[in-house]
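Structure assessment
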Amino acid sequence: MAKAISRRVFLSGLGAGLASPVLANAPTTSLFPVAKPVDFAKRSLPSVDMLVDAAGLGGKLGFMVADARSGEVLEVRNPVLPLPPASVAKAITGAYALSSLGGGHRFETLLMATGVAKNGVIQGDLILVGGADPTLDTDGLAQMALDLKAQGVTGITGSFKVDGAYLPYQRVIDPGQPDHLGYNPSISGLNLNFNRVHFEWKRAGQGWDVAMDARSETLRPAVKVARMEVVDRKSPIFTYKDASGVDSWTVARTALGKGGSRWLPVRRPDIYAGEVFQVLARGQGINLPRPVSQGAATTGNVLTTYHSAPVSEIVQGMLKYSTNLTAEVVGMAASVEAGAAPADLPSSATAMSFWAKEALGTRRLSFVDHSGLSDQSQITARDMVRALIATSPDGDLAPLLKNVPPKSELLPDGGSHTIRAKTGTLNFVSSLAGYATTPNGRELAFAIFTADMERRSAIQRAFRERPQGARGWSRRSRRLQHDLIARWSVLFGT
């Protein structure tokens, strides 16, 4: 097994050189130029091969670092090798959304009526219309219910409909993931709580009390669109089936312990949002029937509108918390705004890939989603660095990237750099791309992609949430990434 490289090992030669005995009658002035400390630091740096060998990752590695201002390429390895970017793809999606939608754009969720209200009762249908807000939550729906109450509405004579047709429905982001993963939900134009439902269980006698709700910080409305049954088995932990439009889950009794909770994906996001609004409206004295999906284009009078935060804030949150649902929704909304009229998620990702080639100068970028959850999305390190240079350290995207604390033993004492970047992690895939500012203020654009696709493809679908060995592999990859950036900081920024 390869051992981690310590900065002490690489600097030990420097210390030995400085410990030479003093020559008798030595001249008071050196006969040779005095080496600067920075020169020693550069000479003592490990080579790329040494860092790669120490990481012991196997698989493939591709990286590039360049001057973010001039575009001068400084160091590369396999720069044109296509590899999965994982969540680094969200940086491209963020740039796409900012370009197509604009940083100030706000998504709108509407309540519309097909008739007027008489004595508080709407003479017709009430329709909850999604406008592709990826951040709509239970508190947002609660505010809409309050707004409706303020207008004196107490009921309707027609149907309560939900409309998520602004975006084409997508059952999952990546079909290769296990059913129960909350970060692989469905997508539509009407989304709630990142299209996840909260599953909680508590020990009660010889069994468990289970609950499924759409909780926020202050509210916990129960839902019927998802249900859970505890069953006697060892594995699998979860099973899923669509029971006439209801998400029907089972969980293995042996996996529950004393109690706990987790988020599960929702497969009918429009009905989910409508059901939660129905509960919240009832709490305001507004009686609504069960929601049904709107089958035709929505027309009517707008009663109230809920606005999201600006796209710039949504993109910043997406890059910080790496929320897949946000990436897919803003990416698809950007495609709609650009006139691509995507039929599904892959076609929207293709539209973004074409945009990146035109706007950012990429050549071999090929995405099948906007979040990077699928390992079928691929990009080269050269293309990622080109995109970062095109968007510029002074552009709209750069300040939205996450500040990543430097972590490397190779940093000289007292030396440091700052990193603004996007991380990406899948099983046996790890990536990091963004900007690094060196000690002398030089700004670098970099992309580092690592992937062991042979080990990844060997994982059975049921075990893809936490496969053996993946966590340690990712930890070693992250160490390699930070050691490479520290190397570049010393070599090119001092």
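Residues numbered from 1 in each chain as written. Predicted model: local features only at pLDDT ≥ 70, side-chain atom pairs only at ≥ 80, totals over all residues. Heavy atoms only, no water.

**Things to note about the sheet that holds strand β14 (residues 259–265)**
The antiparallel open sheet is built from 3 strands, whose spatial order is β10-β9-β14. Of all strands in the sheet, those bounded by a partner on one side alone are β10 (207–213) and β14. Neighbour to neighbour, the strand axes of the sheet diverge by 20 degrees on average, direction disregarded. With 7 bridges connecting them, strand β9 (residues 196–204) and β14 associate as antiparallel partners. When the sheet's bridge partners are listed, R196 is paired in β14 with P265. (Pairing = 2+ DSSP bridges. Helix = DSSP H or I, 4+ residues; strand = E, 2+ residues; numbered from the N terminus. Axes fitted to C-alpha atoms, helices over the stretch in contact; angles between N-to-C directions.)

**Side note on the sheet that holds strand β13 (residues 246–252)**
The strand order β11-β13-β12 describes an open sheet built from 3 strands, whose pairing is mixed. Sheet topology places β11 (226–231) and β12 (238–243) at the edges, where each strand pairs with a single neighbour. Each adjacent strand pair in this sheet contributes to an overall mean axis angle of 20 degrees, direction not counted.

**A look at the nonpolar core**
Counting residues in hydrophobic clusters, the biggest one holds 59 residues, and the most contacted among them are I92, F107, F367, M384 and F449. At the level of elements, β1 (60–67), α4 (89–100), α7 (311–321), α8 (324–337), α9 (345–359), α10 (381–391), β19 (429–437) and β20 (443–451) are the ones that each hand at least two residues to this core. Ignoring sequence-local partners within four residues, the contact set of I92 consists of M352, W355, L360, L365, F367, M384 and A387. Counting 43 residues, the second largest nonpolar core, distinct from the first, contains L141, F160, L264 and A273. (Core = buried A, V, L, I, M, F, W, Y, C linked by side-chain atoms within 4.5 Å. Buried < 20%, exposed > 50% of the residue type's maximum accessible area, 1.4 Å probe, protein only. Contact = heavy atoms within 4.5 Å.)

**Some thoughts on the pairing of strand β6 (residues 126–129)**
By the alternation rule, side chains of β6 split into L126 and L128 and I127 and V129, which are all buried. Bridge count for β6 against strand β8 (residues 160–163) is 4 bridges, and the pairing is parallel. If you follow V129 over to β8, its bridge partner there is D163.

**Observations concerning the packing of aromatic side chains**
Evaluated as defined, the whole model comprises 9 aromatic pairs. Aromatic side chains Y96 and W355 sit 5.2 Å apart centroid to centroid with 50 degrees between the ring planes, which places their arrangement in the tilted category. Separated by 259 residues along the polypeptide, Y96 in helix α4 and W355 in helix α9 bring together distant segments of the chain. For the pair shown, Y96 and W355 are each scored as buried. Aromatic pair F199 and W201: ring centres 4.8 Å apart, planes at 35 degrees, arrangement tilted. Take F199 and W201: they sit in the same class, and that class is buried. Ring pairs connect the aromatic residues F199, W201, F238, Y240 and W249, which therefore count as one cluster. Over the aromatic face of W263 sits the side chain of R196, whose NZ or CZ is 4.6 Å from the ring centroid. Lying over the aromatic face of W208, R203 brings its terminal NZ or CZ to 4.3 Å of the ring centre. (Phe/Tyr/Trp six-rings, centres within 6.5 Å; stacked < 30°, edge-to-face > 60°. Lys NZ or Arg CZ within 6 Å of the ring centre and 35° of its normal.)

**Details of the side chain of T450**
As for its placement among the helices and strands, T450 is situated in strand β20. Judged by its relative accessible area of 1%, T450 falls in the buried class. A polar side-chain atom of T450 sits 2.9 Å from the main-chain carbonyl oxygen of S430. At a separation of 2.7 Å, a polar atom in the side chain of T450 contacts the side chain of S477. (Polar contact = N/O pair within 3.5 Å; in protein donor to acceptor, adjacent residues only side chain to side chain.)

**Some words on the side chain of E275**
Tracing the chain through its elements places E275 in helix α6 (residues 269–283). Classification of E275 by relative accessible area gives buried; the value is 2%. Those residues within four positions of E275 in sequence are excluded, and the remaining contacts are V223, K224, V225, R290 and P291.

**Concerning the confidence of the model for the protein chain**
Of all residues in the protein chain, 91% attain a pLDDT of 70 or more, and the chain-wide mean is 91. Contacts of residues 1–35 to residues separated by more than four positions or lying in other chains number 23 contacts, the stretch itself having pLDDT below 50. (pLDDT = per-residue confidence, 0-100.)

**Observations concerning the environment of D270**
Topologically, D270 is positioned in helix α6. The class of D270 is buried, set by a relative accessible area of 13%. Apart from residues no more than four positions distant in its own chain, D270 is found in contact with V162, S188, L190 and S293.

**Description of a positive patch on the surface**
Residues K320, K402, K407, R471, R475, R478 and R479 make up a contiguous surface patch of positive charge. Among the elements that line the positive patch, the one with the most residues is helix α12 (residues 470–492), at 4 residues. Relative to the helices and strands, K402 resides in strand β17 (residues 402–403). Using a relative accessible area of 40% as the deciding quantity, one classes K402 as partly exposed. (Patch = residues over 30% accessible without salt bridge, like charges linked within 9 Å, V, L, I, M, F, W, Y side chains within 5 Å. Areas by Shrake-Rupley, 256 points an atom, 1.4 Å probe, with all protein chains shown as cover. Salt bridge = Lys/Arg side-chain N within 4 Å of Asp/Glu carboxyl O. Lys, Arg positive; Asp, Glu negative; His and termini not counted. Charge placed at Lys NZ, Arg CZ, Asp CG, Glu CD.)

**Description of the pairing of strand β18 (residues 418–426)**
Here β17 runs beside β18; their pairing, made up of 2 bridges, is antiparallel. By the bridge assignment, K402 is partnered in β18 with A421. For β18 and β19, the ladder comprises 9 bridges, and the chain directions are antiparallel. Within β19, the position partnered with I419 by the bridge is A436. The hairpin turn running from β18 into β19, its antiparallel successor, is 2 residues long, and F428 in that turn takes a positive phi close to 60 degrees.

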